[in-house]
Amino acid sequence: IELAERLRFGYMPEERGLYPRMRVGEQLVYFGRLHGMAPKTACAAASRWLARLGLEGRGGAKVEELSHGNQQRAQLAAALVHEPELLILDEPFAGLDPLAVHTLAEILRGEAARGAAVLFSSHQLELVEDICEEVAIIDHGRIVTTGDVDALRRASQRRRIELRLEGAPATWLPDVAGVELVERRNGDLRLLANRDVDPERVLAAAERSAQVVAFNYGPPTLSELFIELVAP
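**Digging into the sheet that holds strand β6 (residues 179-185)**
Argument step 1. Strand order in the open sheet formed by four strands is β6-β7-β5-β8, and the pairing between neighbours is antiparallel. Two strands close off the open sheet at either side, each with one partner strand: β6 and β8 (211-218). Sheet twist, expressed as the average angle between the axes of neighbouring strands with direction ignored, equals 20 degrees.
Argument step 2. Relative to β8, strand β5 (residues 158-166) runs antiparallel, the two being bridged by seven bridges.

**Observations regarding the pattern of salt bridges**
Argument step 1. As enumerated under the stated definition, the model contains 14 salt bridges in all.
Argument step 2. A salt bridge links Arg-109 to Glu-106; the nearest nitrogen and oxygen atoms lie 2.7 Å apart. One end of the pair, Arg-109, and the other, Glu-106, are both in helix α5 (residues 98-114), three residues apart, so they sit about a helical turn from each other.
Argument step 3. Notably, a salt bridge pairs Arg-190 with Glu-183, separated by 3.2 Å at the nearest N-O pair.
Argument step 4. The class for Glu-183 is partly exposed, based on a relative accessible area of 26%.
Argument step 5. Overlapping salt bridges bring together Arg-160, Glu-162, Glu-183, Arg-185, Arg-190 and Glu-224 as one network.

**Examining the nonpolar core**
Argument step 1. The biggest cluster of nonpolar side chains holds 41 residues, and the ones touching the most others in it are Trp-49, Phe-93, Leu-108, Phe-120, Val-128, Val-135 and Leu-222.
Argument step 2. Considering every element that reaches this core, the biggest residue donor is α5, with six residues.

**Some points on the layout of surface pockets**
Argument step 1. Of the voids in this model, the largest pocket is the one considered here, and its volume is about 790 Å³.
Argument step 2. As for the largest pocket, its lining consists of 24 residues, and the residues nearest its centre are Phe-120, Val-128, Cys-132, Glu-134 and Val-135.
Argument step 3. Contributing elements (two or more residues each) for the lining of the largest pocket: α5, β2 (117-121), α6 (125-131), β3 (134-139) and α9 (222-230).
Argument step 4. Of the residues contributing to the lining of the largest pocket, the split by class is 17 nonpolar, three polar and four charged.

**Some points on α9**
Side chains of residues three or four places apart in an α-helix project in the same direction, reflecting 3.6 residues per turn.
Argument step 1. Restricting attention to buried positions, one finds in α9 the residues Leu-222, Glu-224 and Leu-225. Buried residues in α9, looked at end-on, bunch into an arc of 155 degrees, giving them a common side.
Argument step 2. Those residues of α9 hidden inside the fold are in contact with α6, β3, α7 (149-155), β5 and β7 (188-194).

**Brief notes about the environment of Val-24**
Argument step 1. Its location among the elements puts Val-24 in helix α2 (residues 24-34).
Argument step 2. Exposure remark for Val-24: the relative accessible area of 3% places this residue in the buried category.
Argument step 3. Separated by 201 residues in sequence, Val-24 and Leu-225 have C-alpha atoms that sit 40 Å apart.
Argument step 4. Filtering out sequence-adjacent residues up to four positions away, Val-24 remains in contact with Leu-50, Arg-58, Gly-59, Ala-61, Lys-62, Val-63, Leu-66 and Ala-74.

Parameters at a glance
Residues numbered from 1 in each chain as written. Predicted model: local features only at pLDDT ≥ 70, side-chain atom pairs only at ≥ 80, totals over all residues. Heavy atoms only, no water. Pairing = 2+ DSSP bridges. Helix = DSSP H or I, 4+ residues; strand = E, 2+ residues; numbered from the N terminus. Axes fitted to C-alpha atoms, helices over the stretch in contact; angles between N-to-C directions. Salt bridge = Lys/Arg side-chain N within 4 Å of Asp/Glu carboxyl O. Buried < 20%, exposed > 50% of the residue type's maximum accessible area, 1.4 Å probe, protein only. Core = buried A, V, L, I, M, F, W, Y, C linked by side-chain atoms within 4.5 Å. 1 Å grid on protein atoms, 1.4 Å probe; cavity = no way out; pocket = protein on both sides within 12 Å on 5 of 7 lines; lining within 4 Å. Points joined across faces, edges and corners; volume = space filled by probe spheres on them. Nonpolar A, V, L, I, M, F, W, Y, C, P; charged D, E, K, R; others polar. Arc of directions from axis to C-beta. Contact = heavy atoms within 4.5 Å.

No statement about biological role is implied by the geometric values presented.
As structure tokens, then:
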């Protein structure tokens, strides 16, 4: 019996012992029905989320037949099919390619704009910084700090300095106290400075040694803030 036929007769797939053999689309409809959705509404929502998450045409596949990334998408579809008020996700970006990451980020922003509360854990802090409004930094089960992402970054005692130089010695560093090298790559330098360090001193030191192509100064990234707060 086709899924549409089952829905037309108004019974759940597991009522005929079909749950172990349920396909991705059937499972999405099933979860929608569990949350009180009418059969046609659940079927439409399942189709919509399959398409939105790049699984169109995979609704007839078994979950174990999907790649890891597509399994992640299917799980997200199952969580979203009934439009929850609270969405809790654990490492939702793990194993996703860049396009899937972009799609998921847009979906999470859309769910928040819809009015849902979105809570997720992740070690991919560059994505957290890009997506989240508020964060909680946890170290070994202990909450270190919480708050607005931008406010926490601005409150840091460190500042990020990015330099692009032409003609500088390979080992050049500014002779300014309170500045440390984070990364050096092809003439680009990423530095961390104490908050009280005047960035003009760093810029002046760079200009005495090479041509400064680019100079950026600002609060640390969320990853750098995490290290600042939890490093021994």
